[in-house]
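Report on the structure
The lines below spell out each chain.
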Amino acid sequence: MLSFAFNNVIVFAPFRFPNKFTGGIISPVLANMTLDGLERKLTGMFPKTTVPGIAAKVNLVRYADDFIVTASSKELLEQEVKPLIETFMKERGLELSTEKTCITHIEDGFDFLGQNVRKYKTGKRHKLLIKPAKKNVHAHLEKIREIVKKNKTLPAGKLILILNPIIRGWAQYHQHAVSAEIFSSVDDAIYQRMRRWIKRRHPKKSNEWMTKKYFKTHGGDNWVFYGEMKGQEYRLAETASVPIKRHVKVKAEANPYDLEWETYYEKRLDVHIVDTLKGKRWLIHLWKEQNGLCPMCQQKITKITGWHSHHIEWRSKGGSDTTENRVLLHPTCHQQLHSQGLRVEKPRPARGVRKA
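Numbers given for residues are sequential positions, taken from 1 along each chain in its written order. Only residues with pLDDT of 70 or above have their local features reported here, since the model is predicted, and side-chain atom pairs are shown and tallied only from 80 upward, although totals for entire chains, interfaces and linings are computed over all residues. Values reported for side chains reflect all heavy atoms of the structure, with hydrogen atoms and water molecules removed beforehand.

**Comments concerning the packing of helix H5 (residues 134-150) against helix H6 (residues 156-174)**
Condition: To obtain an axis, a line is fitted to C-alpha atoms, over the contacting stretch when the element is a helix, and the angle between two such axes runs from 0 to 180 degrees between their N-to-C directions. Segments assigned H or I by DSSP are reported as helices when at least four residues long, segments assigned E as strands when at least two residues long, and all are numbered from the N terminus. For classification purposes, an angle smaller than 35 degrees is called roughly parallel, one larger than 145 roughly antiparallel, one from 65 to 115 roughly perpendicular, and anything else oblique. Contacts are residue-level and defined by heavy atoms, with any inter-residue pair within 4.5 Å sufficient. Amino acids outside the nonpolar list (Ala, Val, Leu, Ile, Met, Phe, Trp, Tyr, Cys, Pro) and the charged list (Asp, Glu, Lys, Arg) are all regarded as polar, and Gly is one of them.
It is the contact of H5 with H6, at a shortest axis distance of 10 Å, that shows an interaxial angle of 175°. As summarised for this structure, H5 and H6 are arranged roughly antiparallel, according to the angle between their axes. On the side of H5, the interface is formed by Asn136, Val137, His140, Lys143, Ile144, Ile147 and Val148, while H6 contributes Leu159, Ile162, Leu163, Ile166, Ile167, Trp170 and His174. Its residues assigned to classes, the contact of H5 with H6 comprises 10 nonpolar, 3 polar and 1 charged.

As structure tokens, then:
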């Protein structure tokens, strides 16, 4: 699908590859190869170094075969941008789907990759908000409904094990958007669905009996659906328990295979380590493995000194992200290592430290 946006307007123009290419990993690869060069075409026509080029506000956002093009006016999109893209596609044996192409004002919003992008008027100003799209929310709840419906006789614990990855996965996909209210409404819908599932299983039991059997208090919530499997207790995941985290955009010029950007990607990885449970485990393991010392200066690494995660074999040279290829360094030591082209060896593990 292709998308264009002008001034406050977006245009969608889907295109398709032959059926034999769709549905597999080859489809997005071919789409990326096909669309590569489109941004250069647009930049060449509307250069950012000129006043008219800046005023045109022509930008491209692309993900596999889905993309958006922005512009300052509807006329500019229809008369200049769209013909350029149609010519670009025709040279590659493809064409835009005219019946699926639409132009809409940004204040009316549009759906892109399962999320709704829209500008809302707040007083004299406008604020751009990205939220889970209504169609995407409906599809998610419908999927859960089908799973619950097909597993009427399944034990509660086993049903929870099926549902939890779906609930968490959907929430993590949308956790970077404005999703808090929608997450709460999704949890409420799932709760109602589980109540109906319980009533079908036990039509003659009282509400009190069903509540006592299938719900318990956890973290201040009195209505946590739970079940057991092989003597172990499982709780149904809550969408709202996934924290909202704003995504930090990768710099456009950054290249993970360029030595000059090695420290930039290491810093981004440090943020990811702190934000995830697995990352925190890795951090503790590395710190213990080094006896809490920086391998460069042999001084203590603390919260006050700070730390950077360094790849012994640089990622830009093919190094892995495993703990075996990483050490913790003081920020100043890390900077010194890269600026002087030094190399650090992994310290001998402290006694009692296990592999993360």
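There's more to say after this.
**Some points on the packing of helix H7 (residues 180-201) against helix H8 (residues 207-214)**
Two quantities define a packed helix pair, namely the angle between the helix axes and the distance between the axes. Short version of the rule: Whether a crossing is left-handed or right-handed is set by the direction in which the near helix is turned from the far one by less than a right angle, anticlockwise for left-handed and clockwise for right-handed.
Close contact between H7 and H8 brings their axes to 11 Å; oriented N to C, the two are set at 115°. One way to sum up the angle between H7 and H8 is to call them roughly perpendicular. When the axes of H7 and H8 are compared, the crossing they make is right-handed. Together, Arg195, Trp197, Ile198, Lys199 and Arg201 of H7 and Asn207, Met210, Thr211 and Tyr214 of H8 make up the contact between the two elements. Its residues assigned to classes, the contact of H7 with H8 shows 4 nonpolar, 2 polar and 3 charged.

**Examining unusual backbone geometry**
This is how the line gets drawn: Residue exposure (1.4 Å probe, protein chains only): buried if accessible area is under 20% of the type maximum, exposed if over 50%, otherwise partly exposed.
A positive phi angle, close to 55°, is found at Leu113, a residue other than glycine. Within the fold, Leu113 resides in the loop between strand S6 (110-112) and strand S7 (115-122). Taking relative accessible area as the criterion, Leu113 reaches 27% and is therefore assigned partly exposed. The phi angle at Asn291 is positive, at roughly 60°, despite the residue not being glycine.

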